[in-house]
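Results of the structural survey
Okay, here's what each chain looks like letter by letter:
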Amino acid sequence: MDDSLEQPDAKPPAMAPDNNPPEDGEEASEDEGDVVLDWTKLLPSTARPVIPRRGEKEFEPQPGGGSGLQLHVLDRSRNAMFDALKATRTISSKAVSYAIWYPRLARAHATVSRGVIFSSIGHSVPRPVVTADGVEKTHKRLELLPEEALYLIERGSVFCWKETDLNLAGVDDLEEVLGSPMSAQQAFSEMIGTEDLTLERYQVYAYLKRLGYVVTRASPPNSLYPRAPPFDLSPLNQRTASVLGRIRTLFSSCFSRVIRLFTGGLNWWKPFRPSRWLIRDKNYSAVFRALRFIPAGHSVPLLPTTADSPVKQSPYRIFYNVYKPVTPFRKSEPGLPDYQIVVVNARTTPMPSLRELTDLFDISPEMPPPLPRQRRTPQGTPLPLKPQKTVPPPPPPVSFIHRILPWLRPPPPESTTASRRPHPFMAIKAGKKTVIVAVVDAGSTGFFRFGQGAFEEWALF
């Protein structure tokens, strides 16, 4: 019998009797790792076609094409996908919110806000409102930025009107709204391009919001917008010198000036210099450290640009502050963000230059080195026995000379027995400062991390 003459049949093939048959909506495929989306599950139960199995191909591609039954099953699945995509999205009237879009303000006034999503979206702004008696009063109202309003409209949480000439003052009563309803297409055309909002920046905002992050503007559009506190840009390893340290530095500088007067400014031991104890620190580490006479590090300024070149505004500027879902967020006190993101268009923006990255790192905080990995014993190996507590011996008597020596010698470094020293390669890989760049290429969003490493601070010899 020719396969092409087979008659299509919508009835599923006979299945072997099973004590626990799969119920409607359960996973019928045995392979949970490779599951193909079944669009027919999105249709109503009355219009849902019957497919024998889910997530598996029923036949392999053939050079002459499949049989009539196979083509019928493929067409039915394809039509189910189209029907699911063109279906009208619905939302309960008890969960929907309402807003009015004001083009002259580039803001959306949320007249009715429902749901916990408004705990991290929108900000309160006092606006003048004219009452029925003709008296102008100031009332605080919840306003949304263009990306916030567009995100809520796109996900079906807000029904938005556009302000008309008859509704310039704005009203809070939903029944008295004189604006015109806005569709999602009209909202995109009206809101994209206002308040420095581009399509790429909105795509990054919507992508992060769907993942559960809290996203705010890094540069507040007004003084009433939630503002994150400034970062502490002071180096982490910077310590204040003690009084004795300053006195030693003053005497050493005076001593070097006196020697420079007798030697005529020549220093035959440069870059080696006599220390307090002459031979005390003349080991391999000190020798290699003294040989670093070429200035290195990010503290060295870059070469100045030519005056003839025009100054252009760099597209690499921080636009969003991002908070993790587990981070407690309050509009009154946003706190320090977990990430700061730059949004660029891959089709029009080239790779960042060294000066652009330096400008971003200058306003970024310095991060502590990563913690060392915990050492775990392999399974089956007994843990070492706890050491028995022993009574420490009494301290030896301290003489008068030992009491004076700590004043002459530099203070010993702080004890690091409690915490292990971080691995240098892990610290260099993580970097001292980090900048995240969101690159949007025709709708596809990718995140790239640029780190500022400090090779000169780690002795790798």
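Scroll up to find the structure.
The sections below set out a description of the structure shown in this document. (Residues numbered from 1 in each chain as written. Predicted model: local features only at pLDDT ≥ 70, side-chain atom pairs only at ≥ 80, totals over all residues. Heavy atoms only, no water.)

Here's the deal with the sheet that holds strand E7 (residues 214–217)
Taken in spatial order, the five strands of this open sheet run E7-E8-E9-E10-E11, and their pairing is mixed. The sheet is open, and its two edges are formed by E7 and strand E11 (444–452), each paired on a single side. For this sheet the average axis-to-axis angle between neighbouring strands, irrespective of direction, equals 30°. For strand E10 (residues 433–441) and E11, the ladder comprises nine bridges, and the chain directions are antiparallel. When the sheet's bridge partners are listed, Thr 434 is paired in E11 with Gly 451. Taken strand by strand, helix H7 (residues 354–362) contacts strand E8 (318–323), strand E9 (339–345), E10 and E11, and its axis lies near 125° from that of E10. (Pairing = 2+ DSSP bridges. Helix = DSSP H or I, 4+ residues; strand = E, 2+ residues; numbered from the N terminus. Axes fitted to C-alpha atoms, helices over the stretch in contact; angles between N-to-C directions. Contact = heavy atoms within 4.5 Å.)

Remarks on the pairing of strand E2 (residues 107–112)
Pairing of strand E1 (residues 97–102) with E2 involves five bridges; the strand directions are antiparallel. For Tyr 102, the partnering residue across the bridge sits in E2 and is Arg 107. In this structure, the hairpin formed by E1 and E2 is closed by a connection of four residues, where Ala 106 is found at a positive phi of approximately 55°. In this sheet, strand E4 (residues 136–144) lies alongside E2 in antiparallel orientation, the contact comprising two bridges. The residue bridging Ala 108 from the neighbouring strand is Leu 144, located in E4.

Quick notes on H7
Burial in H7 covers these residues: Leu 357, Leu 360 and Phe 361. Buried residues of H7, seen end-on, are gathered within an arc of 100° and therefore sit on one face of the element. Looking at the packing, one finds that the buried side of H7 touches E8, E9, E10 and E11. (Buried < 20%, exposed > 50% of the residue type's maximum accessible area, 1.4 Å probe, protein only. Arc of directions from axis to C-beta.)

Looking at the sheet that holds E4
If you walk across this open sheet you meet the six strands as E3-E4-E2-E1-E5-E6, and the pairing is mixed. Only two strands of the sheet have a single neighbouring strand rather than two, namely strand E3 (123–130) and strand E6 (180–181). Against the sheet, helix H2 (residues 146–154) makes contact with E1, E2, E4 and strand E5 (158–162), and its axis sits at roughly 60° relative to E4, the strand it touches most.

Side note on the packing of aromatic side chains
Here a ring pair, both rings aromatic, is described through the centre-centre distance and the interplanar angle of the planes. Scanning the model with the defined rule gives eight aromatic pairs in all. Note on Phe 188 and Tyr 202: the rings are 5.6 Å apart at their centroids and 90° apart in plane angle, and the pair reads as edge-to-face. A residue pair is termed long-range when its members are at least 10 positions apart, and Phe 188 in helix H3 (residues 184–191) and Tyr 202 in helix H4 (residues 199–210) qualify at 14 residues. The positively charged end of Arg 141 is found above the aromatic ring belonging to Tyr 102, 4.9 Å away from the centroid. The positively charged end of Arg 201 is found above the aromatic ring belonging to Phe 319, 4.1 Å away from the centroid. (Phe/Tyr/Trp six-rings, centres within 6.5 Å; stacked < 30°, edge-to-face > 60°. Lys NZ or Arg CZ within 6 Å of the ring centre and 35° of its normal.)

Function cannot be read off these values alone, since they describe shape.
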